[in-house]
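The primary structure of each chain is shown beneath.
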Amino acid sequence: MIIGYTSGVYDLFHVGHVNLLRNAKAMCDKLVVGVTVDELVMYKGKQSVIPYTDRIEVVRACKYVDVAIPQNNMDKAAAALKNHARYLFVGDDWYDTPKWKDFEKQLAEVSCEVIYFPYTEGTSSTLINEALEDIRDSNKSG
């Protein structure tokens, strides 16, 4: 059985998330998805709009996801090892970055290969949130 793993915040779930999960599931028999807990999101200097308990339920409801689990830290190699993942999937916006070059080395040590999928241009939780803020601001002044 080929097991794949990916992780993310999955805030304001959108088509970019669906594309990543669909592509990931197509390459494995079982897809495990780590959903970043609120404390880790805040540690990264951000805040999610949707709380963790709701975000993980949205991810669990996606037909491409076999198992959704909490992501409590950024240790990708430990997550791959714990979940017996042969592949770790991520968007290609991370390709060739120093951080992910390090992750690739660490993951290779636990026999897990990083697979980069095309980033979905034109959508992200950040862009959606900014658009909502603009709408709210224009409604206040209008």
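Scroll up to find the structure this text is about.
A short tour of the structure in this document, coming up.

Reading the values: the criteria
Residues numbered from 1 in each chain as written. Predicted model: local features only at pLDDT ≥ 70, side-chain atom pairs only at ≥ 80, totals over all residues. Heavy atoms only, no water. Helix = DSSP H or I, 4+ residues; strand = E, 2+ residues; numbered from the N terminus. Buried < 20%, exposed > 50% of the residue type's maximum accessible area, 1.4 Å probe, protein only. Contact = heavy atoms within 4.5 Å. Areas by Shrake-Rupley, 256 points an atom, 1.4 Å probe, with all protein chains shown as cover. Pairing = 2+ DSSP bridges. Axes fitted to C-alpha atoms, helices over the stretch in contact; angles between N-to-C directions. Phe/Tyr/Trp six-rings, centres within 6.5 Å; stacked < 30°, edge-to-face > 60°. Core = buried A, V, L, I, M, F, W, Y, C linked by side-chain atoms within 4.5 Å.

Once that is clear, we can look at the overall build of the protein chain. The helix and strand tally for the protein chain stands at 6 helices and 5 strands. Across the protein chain, helices and strands are ordered from the amino to the carboxyl terminus as β-α-β-α-α-β-α-β-α-β-α. Here the protein chain holds 142 residues, and the buried ones make up 42% of them. At a minimum sequence separation of 6, the contacts of the protein chain that also span at least 24 residues come to 77%. Accessible surface computed for the protein chain: about 8300 Å², of which carbon and sulfur atoms make up 53%.

To continue, consider the sheet that holds strand 3 (residues 67–71). With respect to topology, 5 strands assemble into an open sheet ordered 3-2-1-4-5, the strand pairing being parallel. The sheet is open, and its two edges are formed by strand 3 and strand 5 (113–117), each paired on a single side. Within this sheet the neighbouring strands show an average axis-to-axis angle of 30°, counted without direction. In terms of strand pairing, strand 1 (residues 3–8) meets strand 2 (residues 30–36) through 6 bridges, oriented parallel.

A separate point is unusual backbone geometry. Despite not being glycine, Tyr10 shows a phi value in the positive range, around 60°. Its location among the elements puts Tyr10 in the loop between strand 1 and helix 1 (15–25). Residue classification places Tyr10 among the buried positions, given a relative accessible area of 4%. Even without a glycine there, the phi angle at Asp96 is positive, about 65°. Turning to its location among the elements, Asp96 is positioned in the loop between strand 4 (87–91) and helix 5 (98–109).

Here we take up the packing of aromatic side chains. Per the counting criterion, the structure on display carries 6 aromatic pairs. When the ring of Tyr95 is compared with that of Tyr116, the centres are 5.1 Å apart and the planes differ by 85°; the resulting orientation is edge-to-face. With Tyr95 in the loop between strand 4 and helix 5 and Tyr116 in strand 5, this residue pair connects regions lying 21 residues apart in the sequence. Residue Tyr95 is classed as exposed on the basis of its relative accessible area, which comes to 52%. Members of the aromatic cluster, connected to one another through ring pairs, are Tyr95, Trp100, Phe103 and Tyr116.

Moving on, we get to the nonpolar core. Soluble globular proteins: nonpolar side chains tend toward being buried together. Core analysis: the largest hydrophobic core is formed by 21 residues, its most contacted members being Leu21, Val33 and Phe89. Broken down by secondary-structure element, the contributors of at least two residues to this core are helix 1, strand 2, helix 3 (52–61), strand 4 and strand 5. Leaving out residues up to four positions away in the same chain, Leu21 has contacts with Thr6, Tyr10, Phe13, Leu31, Val33, Cys62, Tyr64 and Val65. Counting residues in hydrophobic clusters, the runner-up holds 15 residues, among them Ile3, Val32, Val90 and Phe103.

Moving on, we come to the environment of Ile3. Along the chain, the position of Ile3 falls in strand 1. Among the residues examined, Ile3 registers a relative accessible area of 12% and is labelled buried. Considering only alpha carbons, one finds Ile3 and Leu31, 28 residues apart in sequence, at a separation of 6.0 Å. Dropping the residues within four chain positions of it, Ile3 is found in contact with Cys28, Lys30, Val32, Asn83, His84, Ala85, Arg86 and Tyr87.

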